[in-house]
Every structure is written in structure tokens, then in C-alpha cells.
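Geometric and topological summary
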Amino acid sequence: MKITAAVLRDPAGPPALEETELAEPRADEVLVRVVAAGICHTDLVAMAGHDPALPPLVPGHEGAGVVEAVGEDVEAVQPGDHVVISFGWCGLCPACCQGRMAYCANLVALNYTGLRLDGSTAMTRDGAPIRGHFFGQSSWATHSLTTERNVVRVPQEVPFEYLAPLGCGVQTGAGAVLNVLRPRRGSTIAIHGTGGVGLAAVMAAGIAGCSRIVAVDPDPRRRRLAEALGATDLVDPAEGDPAKAIVELTGGGVEHAVECAGRPEAVRAAVASLAAPGMCVTVGFRGGANPVELDQTMLMMGRGIRGSIEGDAIPQRFVPRLIEHHLAGDLPVERLVRTYSFADVNEAIAAARTGEAVKPVLVLP
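Described in the following lines is the structure provided in the data block.

1. Examining the packing of aromatic side chains
A complete count under the given rule lists three aromatic pairs for this structure. Taken together, a centroid distance of 5.0 Å and an interplanar angle of 65° make the contact between F134 and F135 edge-to-face. Every member of this aromatic cluster is reached through a ring pair, and the members are Y112, F134, F135 and F285.

2. A closer look at the nonpolar core
If you look at the biggest cluster of nonpolar residues, it comprises 53 residues, and the most contacted ones within it are L163, I189 and V258. Examining the composition of this core, we find that ten residues originate from one element, helix α6 (residues 196–208), more than from any other. For L163, the residues in contact, after removing those within four places along its chain, are A64, V84, V154, V158 and I323. Formed by 29 residues, the second largest nonpolar core is a distinct cluster that contains L8, V58, I349 and A352.

3. Concerning the packing of helix α5 (residues 169–181) against α6
Relative orientation of the contacting elements α5 and α6 amounts to 40°, with a least axis distance of 7 Å. In this view, α5 runs oblique relative to α6, as classed from their interaxial angle. Viewed along their axes, α5 and α6 form a crossing whose handedness is right-handed. Residues G169, V170, T172, G173, A174, V177 and L178 of α5 form the contact with α6, whose participating residues are V197, A200, A201, A204, A205, I207 and A208. Within the contact of α5 with α6, the residues separate by chemical class into eleven nonpolar, three polar and no charged.

4. Brief notes about the sheet that holds strand β14 (residues 274–282)
Here we have six strands laid out as an open sheet, ordered β12-β11-β10-β13-β14-β15, and parallel in their pairing. The sheet is open, and its two edges are formed by β12 (233–235) and β15 (303–307), each paired on a single side. Between one strand axis and the next, the sheet turns through 15° on average, direction left out of account. As paired strands, strand β13 (residues 254–259) and β14 are joined by five bridges and run parallel to one another. Pairing of A257 across the sheet is with C280, part of β14.

5. Comments concerning the pairing of strand β8 (residues 143–147)
On a regular strand, each side chain points to the face opposite its neighbour's, so the side chains alternate between the two faces of the sheet. Across the five residues that make up β8, a large majority, five, are buried. The alternating pattern of β8 places H143, L145 and T147 on one face and S144 and T146 on the opposite face, and all of these are buried. The sheet contact formed by strand β3 (residues 29–38) and β8 spans five bridges and is antiparallel. For V32, the partnering residue across the bridge sits in β8 and is S144.

6. Quick look at the side chain of S144
Topologically, S144 is positioned in strand β8. Only 2.7 Å separates the side chain of S144 from the backbone oxygen of Q137, close enough to count as a polar contact.

7. So, the pattern of salt bridges
Under the definition given, this model contains 18 salt bridges. Taken together, the salt bridges that share partners define one network made up of R9, E18, R125 and D126.

8. A closer look at the pairing of strand β17 (residues 359–363)
Among the five residues of β17, four are classified as buried, and the element is accordingly described as predominantly covered. Relative to β17, β3 runs antiparallel, the two sharing three bridges. Looking across to β17, one finds that A36 is bridged to V363. Here strand β16 (residues 337–341) runs beside β17; their pairing, made up of five bridges, is parallel.

9. Regarding the side chain of T250
Looking at the element boundaries, T250 is found in helix α8 (residues 242–250). In this structure T250 comes out as buried when scored by relative accessible area, which is 19%. A polar contact of 2.7 Å, which involves the side chain of T250, links it to the backbone oxygen of I246. Those residues in contact with T250 that lie beyond four places of it in its chain are R212 and V214.

10. A closer look at the packing of α5 against helix α11 (residues 315–327)
Their axes nearest at 11 Å, the elements α5 and α11 cross at an angle of 95°. Taken together, α5 and α11 sit at an angle that is classed as roughly perpendicular. Taking contact as the criterion, the partners of V170, Q171, A174, G175, L178 and N179 in α5 are, on α11, P315, F318, V319, R321 and L322. Split into classes, the residues belonging to the contact of α5 with α11 amount to seven nonpolar, three polar and one charged.

11. Considering the sheet that holds strand β6 (residues 123–125)
Sheet architecture is open: four strands sit in the order β1-β2-β6-β7, paired in antiparallel fashion. With one partner strand each, in any of the chains shown, β1 (2–7) and β7 (128–130) form the two edges of the open sheet. Adjacent strand axes in the sheet meet at a mean angle of 50°, parallel and antiparallel pairs treated alike. Bridge count for strand β2 (residues 16–22) against β6 is two bridges, and the pairing is antiparallel. When the sheet's bridge partners are listed, L22 is paired in β6 with M123.

Parameters at a glance
- Residue positions are given per chain, counting from 1 as you read along its sequence in written order.
- With pLDDT at 70 or above as the cut-off, local features in this predicted model cover only qualifying residues; side-chain atom pairs require 80 or more to be listed or tallied, and sums for whole chains, interfaces and linings still use all residues.
- Each side-chain value is worked out from all heavy atoms of the structure, with water and hydrogens disregarded.
- Between the rings of Phe, Tyr and Trp (Trp by its six-membered ring), a pair exists once the centres lie within 6.5 Å; its type follows the angle of the planes, with under 30 degrees stacked, over 60 edge-to-face, and the other angles tilted.
- Here, nonpolar core means buried Ala, Val, Leu, Ile, Met, Phe, Trp, Tyr and Cys residues that are tied together by side-chain atoms lying within 4.5 Å of each other.
- Exposure classes here rest on a 1.4 Å probe applied to the protein chains alone. A residue is buried below 20% of its type maximum, exposed above 50%, and partly exposed in between.
- Helix numbers and strand numbers start at the N terminus; a helix is a DSSP run of H or I with at least 4 residues, a strand a run of E with at least 2.
- Contacts between residues were defined by any pair of non-hydrogen atoms, one from each residue, lying within 4.5 Å.
- All axes are obtained by fitting lines to C-alpha atoms, using only the stretch in contact for helices, and the reported angles, taken between N-to-C directions, cover 0 to 180 degrees.
- Here the angle decides the label: under 35 degrees means roughly parallel, over 145 means roughly antiparallel, 65 to 115 means roughly perpendicular, and every other value means oblique.
- Left-handed describes a crossing in which the near helix is turned anticlockwise from the far one by less than a right angle; the clockwise case is right-handed.
- Each residue gets one label: Ala, Val, Leu, Ile, Met, Phe, Trp, Tyr, Cys and Pro are nonpolar, Asp, Glu, Lys and Arg are charged, and the others, such as Gly, are polar.
- Paired strands are those between which DSSP finds at least two bridges.
- What qualifies as a polar contact is a pair of N or O atoms within 3.5 Å, subject to a donor-acceptor requirement within protein and to the restriction that residues adjacent in sequence count only when both atoms come from side chains.
- Here, a salt bridge means any Lys or Arg side-chain nitrogen found within 4 Å of an Asp or Glu carboxyl oxygen.

What follows is the structure in C-alpha cells.
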């Protein structure tokens with residue numbers, strides 16, 4: 001079938017809307033008409049050439065839409081279902097069998113190459129292949145050919161533009177708090193970096209009942225939004241050592257920290273802001289090697305740090321939980337979203353890069 005996709009052909013240049021061909025679904029595949037697709041930092045990293053997915057590539061990994069067709073082996077969804085499209089996992093490796101889908105042995109092949117696991121692609125133009133399976137979906141397109149493991153059936157009353165960010169950014173930030181740290185009610189937490197992921201962490205900390213939620217960001221607009229979403233304290237890292245400021249604000253440091261920038265100085269500050277003992281989860285992704293030097297004495301005193309992918313979530317379980325919080329008013333994703341038409345994809349990308357929009361979401365025709 002003919003579809004329109006935002007095809008990246010040169011990492012140095014912008015993607016362009018092109019008419020492409022998409023194959024029919026295989027037995028385990030699902031054809032989704034994409035209605036909304038978020039723009040995430042990982043898309044920008046891939047477009048800069050830091051991922052294994054080489055051009056020509058269709059980015060996009062926060063899709064939401066309507067199922068149009070399913071392969072003969074698909075049981076989880078049917079045509080007409082509304083779905084969020086999330087990351088891919090194989091379902092067969094030891095990690096998947098233990099319910100740790102975010103650490104699937106085939107995570108890189110299924111999500112970062114833009115290809116199916118067998119190395120094929122369902123998208124072409126004039127017979128030439130286009131990598132159309134980024135995160136198993138390549139959702140910057142009018143249609144996505146994905147698998148039933150990537151899709152989560154969702155209620156039809158929630159607008160697609162609010163559903164799309166749940167597939168990655170919101171899932172990552174909220175999951176870092178609710179799935180990884182699991183703070184007790186009344187505990188303290190600092191969120192280092194309040195873009196879309198960090199603001200999801202701020203909201204999740206409120207859901208968890210944290211008594212002090214410190215938001216660290218150099219952008220005053222994002223600090224104000226963090227405060228509106230539940231942050232109790234705000235720190236501008238441009239004014240001095242943020243770790244020192246957090247220790248002074250809280251009288252000794254926080255019990256938990258989420259690091260969302262991926263910069264070495266932010267990782268160090270997040271660990272240094274912890275009380276002893278305390279735990280930092282780092283989710284910031286820069287692409288490629290990113291060495292970070294830490295003072296071992298901080299770790300010896302009981303502080304810890306660990307990484308997390310996709311908030312350690314099983315999307316089929318966690319996305320419905322996030323939707324419940326959204327419908328209850330505890331997770332106002334709409335405060336993060338700014339919508340753009342599909343034709344304005346490059347304006348949306350620019351807004352993501354500059355921070356003009358916290359979570360740009362493409363609305364497709």
C-alpha cells in the first residue's frame with residue numbers, strides 16, 4: 001500500500017515527506033493507521049547518526065492510532081482497536097521470560113536498527129529499501145507496520161495526542177520512579193532535567209506521595225512547569241552546584257534521584273545530591289560512549305546508581321496504569337504536549353531541539 005512517511009536520507013539534513021510503499025502484514029504483524037506521534041530525544045539522537053539505524057530511515061517511536069489490519073497469528077488486537085505503539089521485545093530470551101522486556105537480548109536489533117529481526121524492512125520507495133521499523137514502528141508515517149508485542153490496546157475516549165507520549169517518554173520518566181525507585185510515601189526525590197521525561201518523573205513522584213520533589217533545570221520555563229506539576233523546590237544549575245543546593249534545601253540530601261540529561265556533570269550532581277543511603281536512576285541518553293567519573297567514597301557510604309531503559313516497564317501493563325492516572329487527573333500529560341501538523345514535522349523537530357516545546361506531537365491526516 002502507498003503511505004506518506006517522513007524519510008531521513010541524510011543525518012545532516014531534515015527528513016522530508018515522501019510517498020513510500022508498505023508491505024502487507026506478516027502473520028505476527030499489525031497495521032496501524034497512525035493518528036499521533038511524539039518527538040522524543042532518542043529520535044534526535046538517531047537522526048544525528050548515533051544509532052545503528054542508517055539512512056534512509058523513518059524515525060518515530062511514540063505512535064498512537066487505530067488498527068487497520070492484523071496478521072493471522074495476532075490475538076492481542078483487532079481492526080478498529082485504538083492502540084499505543086511502544087518499544088519492541090522478542091518474548092523468547094531469558095530477560096523477556098522473566099518479565100524484563102526492556103532488557104531483551106534483541107533490544108538493539110529490534111529497536112535501533114530500523115529493521116525487522118531478520119534484517120528485512122517492509123518499507124520501500126521505487127523498489128529501494130527504507131528502514132521502516134525504528135523501535136519496531138517508525139511512526140512518523142501515516143501507517144506503521146509493527147508487531148502485536150509493540151501495541152497496547154487503550155480506551156477510545158483518550159485523545160491520541162495525549163496517548164502517543166506514553167509509548168516512550170512518559171513511560172520512561174514515570175517508570176523510573178514508580179517501577180525502579182518505588183519511593184515510600186513521604187520520601188524525598190530530585191529530578192535532574194525537566195524535559196518530557198523529567199516532568200513525567202515529577203508527576204510520578206507526586207503519584208507516589210513524595211513529600212519533597214526537587215526539580216533541577218536551567219530553563220526557567222521548565223522549572224515553572226515542574227512547579228505547576230508538583231515540584232516543591234526548584235534549582236537552577238546555572239547558579240551554582242545543584243547537589244550542594246539540594247543538600248542545603250533538604251537538610252542532608254534526598255533519598256532518590258532521577259537523572260534525565262545524560263551529561264556527566266548531571267550524573268555526578270544527581271549522585272552527590274543523595275543522602276546516605278540513597279539511589280539514583282539515570283535515564284538520560286546521549287548516544288554512543290558517555291564516560292562518567294564518580295567519587296567512589298559516595299558509593300561506599302551507601303549511595304547507588306543504576307540505569308533504566310523505558311522505565312523497566314512492560315508496556316501492556318504499565319501504559320494502562322498510566323492512562324488510569326491520566327483519567328484520574330494525576331498525570332496531566334496534556335500540560336506537556338504541543339501539537340504540530342505532519343507537514344510541519346521539521347518545525348516540531350526544531351522546537352524539540354531548542355526546548356520551545358516540551359513534547360511536540362505530530363497529528364497526522
